[in-house]
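# Architecture and fold: a report
What follows is each chain in one-letter form.
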Amino acid sequence: MTTISRQPFQLVAPDGAVVADDDDHPIDPDAARNYYRAMTLARAVDDEATFLQRRGELGLWLRSLGQEAAQIGSISALRASDYVFPSYREHAAALARGLSPGQILAQWRGVAHSGWNPADHNFHIYTLVLAAQLLHATGYAMGIQRDRAADVVLAYFGDGASSEGDAAEAFNIAAVNAAPVLFFCQNNAWAISTPNDKQFASPVHVRAQAYGLWSAAVDGNDVFAVRAVTERALRHIRSGGGPALVEALTYRRAGHSTADDPSRYRPDGEVSEQASRDPIDRVEALLRQRDWADETFFVTAAADARNAAASTREQCLALPEPSLAAYFDHVLADADPDVLRERAQSLRRHPVAVS
Ligand SMILES: Cc1ncc(C[n+]2csc(CCOP(=O)(O)OP(=O)(O)O)c2C)c(N)n1
Ligand SMILES: [Mg+2]
């Protein structure tokens, strides 16, 4: 069954008021406190990484500011054995999966091709070629299907990536094969300087229906709603219903990257208006209104966030410089004569870099 909702699904309003109850995900105090902590931690790491880039310690950083609920709500619905294909902005999801800040920063510091072994956390390396990971995810899901495993693949992508040919191919071939994959779009309203209305004439969760995907739209800044909709999509997939697509409507409150100046294209006032829909403030308002957290909880969460920031800094500065030879070590799994020749050539040309 395919569901189409033009009104994004919401459980908690921006002011913290509960607008609906949901059997798939009751609004309960433990969950609210856990979400608050996870999102606050992710925000602190993201802020610190931005400072590190400004100080010249990272070459580039792509912020996830404002997208924490979309990531935490979706990733928290998965089982540990499910496999994730991120795009390049899924830092909150990566932290929730157990990756360290240092592992996430390594690529942006230019000292590693990725920074982690995907198998360690069932979390693939970041993919910068837009929508390529949707094809990888579909292929991986078809492999799971052939292994008769019960796992599901979740693939993150952006609103801009949704108009890539790779996305169309992935949606189609996943549907034809009933592959156990959830395509999770974080629609943050912008693809660098291209707004949604210049990107597509029909939202991705509506287009998904034509491919034969189960789909739904959700308020991406409402962590409870994201979790509930993701649960529904996963249930559909796990019961053999085929692939699904969730479009989480969120907002990119930072530039595309630290190399971008959004004031060149973004209307004045848009960011401050969107700040009133902040996903962390929303859970804080809920916690305070319901009296589900006392002052000690918030003070402790803030201290944990400061520690996470300090640890991010330390881990970043402690990342080892790779040798030039290391760049050739992960090109192909087996020794290849061309790669070995280029490796030897480079080491001859740059003897200083070797030492
Ligand atoms: C195939 C491909 N084309 C172009 C680019 C350059 N590029 C990098 S990010 C980006 C915008 C992507 O926007 P979106 O999919 O909405 O993701 P967001 O960055 O907003 O999270 C573009 C055009 C790329 N990386 N890959
Ligand atoms: Mg986008």
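Since the model is a prediction, treat every value here as computed from it, not as a measurement. Within every chain, residues take consecutive numbers counted from 1 along the sequence as written. Naming scheme: in the order in which they are written, chains are lettered from A and ligands are numbered from 1. Where totals are concerned, whole chains, interfaces and linings use all residues; where local detail is concerned, this predicted model gives features only for residues with pLDDT of at least 70, and gives and counts side-chain atom pairs only at 80 or more. With hydrogens and water stripped out, all remaining heavy atoms of the structure feed into the side-chain values.

### Let's talk about the overall build of the protein chain
Summing up its helical and strand segments, the protein chain has 16 helices and seven strands in all. Computed over C-alpha atoms, the radius of gyration of the protein chain comes to 21 Å, within 12% of the 20 Å expected from 2.2 N^0.38 for 355 residues, which places it in the range of a compact globule. Projected onto the principal axes, the alpha-carbon positions of the protein chain cover approximately 65 × 50 × 40 Å. Any pair of residues with heavy atoms lying within 4.5 Å of one another is described as a contacting pair. The long-range fraction of contacts in the protein chain, counting pairs at least 24 apart against all pairs at least 6 apart in sequence, stands at 74%. Numbered from the N terminus, helices here are DSSP runs of H or I no shorter than four residues, and strands are runs of E no shorter than two. C-alpha atoms define the radius of gyration in this analysis, and the globule rule sets the expected value at 2.2 Å times the number of residues to the power 0.38.

### A look at the nonpolar core
Among the buried residues, those of types Ala, Val, Leu, Ile, Met, Phe, Trp, Tyr and Cys that are joined through side-chain atoms within 4.5 Å form a nonpolar core. Any residue under 20% of the maximum accessible area for its type is buried, any over 50% is exposed, and the rest in between are partly exposed; the area is computed with a 1.4 Å probe on protein chains only. In terms of nonpolar packing, the biggest core is built from 62 residues, with Phe-123, Phe-224 and Leu-287 touching the most fellow members. Counting residues per element, this core draws most heavily on helix α10 (residues 223-241), which supplies nine residues. Residues contacting Phe-123, with those up to four places away along its chain left out, are Ile-75, Tyr-83, Val-84, Pro-86, Glu-90, Ala-93, Ala-94, Arg-97, Leu-99, Trp-116 and Pro-118. Core analysis: the next-biggest nonpolar cluster, separate from the first, contains 25 residues, Leu-134, Phe-157, Ala-167 and Leu-213 among them.

### Here's the deal with helix α7 (residues 165-176)
Here α7 spans 17 Å end to end across 12 residues, near enough to the 16 Å set by a 1.5 Å rise per residue. Residues of α7 that are buried make contact with α6 (132-146), β2 (153-158), β3 (181-187), α9 (204-211) and β7 (244-249). The span you would expect from a helix comes to 1.5 Å times its residue count less one.

### Focus: the packing of helix α12 (residues 279-289) against helix α13 (residues 295-317)
Axes, fitted as lines to C-alpha atoms, cover a helix only where it is in contact. Angles between the N-to-C directions of the axes lie from 0 to 180 degrees. Between α12 and α13, the shortest axis-to-axis distance is 11 Å and the interhelical angle comes to 155°. As far as their axial angle goes, α13 and α12 are roughly antiparallel. Taken together, the residues of α13 that come into contact with α12 (itself represented by Glu-284, Leu-287 and Arg-288) are Glu-295, Phe-297 and Phe-298. Its residues assigned to classes, the contact of α12 with α13 comprises three nonpolar, no polar and three charged. Here roughly perpendicular refers to angles of 65 to 115 degrees, roughly parallel to angles under 35, roughly antiparallel to angles over 145, and oblique to all remaining angles. The nonpolar class holds Ala, Val, Leu, Ile, Met, Phe, Trp, Tyr, Cys and Pro. Asp, Glu, Lys and Arg form the charged class, and all remaining residues, Gly among them, are polar.

### Quick word on the UniProt feature "domain: Dehydrogenase E1 component" (unreviewed entry) in the protein chain
UniProt annotation of "domain: Dehydrogenase E1 component" (unreviewed entry) refers to residues 36-296 when read in the numbering used here. As annotated, residues 36-296 has a helix share of 47% and a strand share of 12%, and its two end C-alpha atoms lie 14 Å apart. UniProt positions are given in the numbering used here, feature names are shortened, and annotations may be inferred rather than shown by experiment.

### Here's the deal with the coordination of the magnesium ion (ligand 2)
Donor atoms from the polypeptide that coordinate the magnesium ion (ligand 2) comprise Asp-159 (OD), Asn-188 (OD1) and Trp-190 (O), at 2.1 to 2.2 Å from the metal. For Na, K and Ca the donor cut-off is 3.2 Å, while for other metals it is 2.8 Å, and in both cases only N, O and S atoms qualify; water is not among them, so sites may look incomplete. Ordering the donors of the magnesium ion (ligand 2) by residue number gives the pattern D-x28-N-x1-W. Highlighted residues: Asp-159 in the loop between β2 and α7 and Asn-188 in the loop between β3 and β4 (190-191), separated in sequence by 29 residues.

### Considerations on the site of ligand 1
Taken together, 15 residues are adjacent to ligand 1, and Tyr-88, Arg-89, Leu-128, Gly-160 and Ala-161 come closest. Trp-190 places a main-chain nitrogen or oxygen 2.9 Å from an oxygen atom of ligand 1. The method behind every accessible area is Shrake-Rupley, applied with a 1.4 Å probe, and residues are considered shielded solely by the protein chains displayed. Burial of ligand 1 by the surrounding chains reaches 72%, relative to a free accessible area of 590 Å². Per-class residue counts for the shell around ligand 1 are eight nonpolar, four polar and three charged. Near is defined per residue: the residue qualifies when any heavy atom it owns lies within 4 Å of the molecule or strand. By the criterion applied in these results, polar contacts are pairs of N or O atoms within 3.5 Å in which, for protein atoms, one can donate a hydrogen and the other can accept it, and in which residues neighboring in sequence qualify only through two side-chain atoms.

### With respect to the domain arrangement of the protein chain
Often the size quoted for an interface is simply the accessible area lost on bringing the parts together. Domain annotation for the protein chain reports domain 1 (29-322) and domain 2 (324-355). An automatic or database domain assignment supplies the start and end points of every domain. Each of domain 1 and domain 2 has a C-alpha centre, and these two points are 34 Å apart. Counting from both sides, the interface comprises four residues of domain 1 and, opposite them, four residues of domain 2. Here the quantity called buried area is the total loss of accessible area, with a 1.4 Å probe, experienced by two parts when brought into contact, counted for both. In total, about 330 Å² of surface goes out of reach between domain 1 and domain 2, with carbon and sulfur atoms giving 59% of it. Interface area lost by domain 1 to domain 2 is led by Gly-110, His-113 and Pro-322, which between them contribute 95%. What counts as a salt bridge is simple: a side-chain nitrogen of Lys or Arg found within 4 Å of a carboxyl oxygen of Asp or Glu. Viewed at the interface, domain 2 and domain 1 are joined by zero salt bridges. Taken together, domain 1 and domain 2 are joined by two residue pairs in polar contact (both at pLDDT 80 or more). Its residues assigned to classes, the side of domain 1 that touches domain 2 shows two nonpolar, two polar and no charged.

### A closer look at helix α4 (residues 101-109)
In an α-helix, one turn spans 3.6 residues, which is why side chains three or four residues apart end up on the same side. Counted residue by residue, α4 has seven buried out of nine residues, so it is predominantly covered. Within α4, burial applies to Pro-101, Gly-102, Ile-104, Leu-105, Ala-106, Gln-107 and Trp-108. As for α4, its buried residues are in contact with α1 (29-54), α3 (91-96) and α13. Once α4 finishes, Gly-110 follows within two positions and takes phi at roughly 80°, a positive value.

### Section: the side chain of Thr-50
Considering the arrangement of structural elements, one finds Thr-50 in helix α1. Look at Thr-50 and you get buried, because its relative accessible area is 12%. Apart from the residues lying within four places of it in its own chain, the contact partners of Thr-50 are Trp-61, Arg-63 and Thr-258.

### Re the sheet that holds β2
Sheet architecture is open: five strands sit in the order β1-β2-β3-β7-β6, paired in parallel fashion. In this open sheet, the two edge strands, each paired with only one partner strand, are β1 (83-85) and β6 (214-219). With direction set aside, neighbouring strand axes in the sheet form an average angle of 20°. Where β3 and β7 come together, six bridges link them in parallel fashion. DSSP bridges decide pairing: two strands pair if at least two such bridges lie between them.

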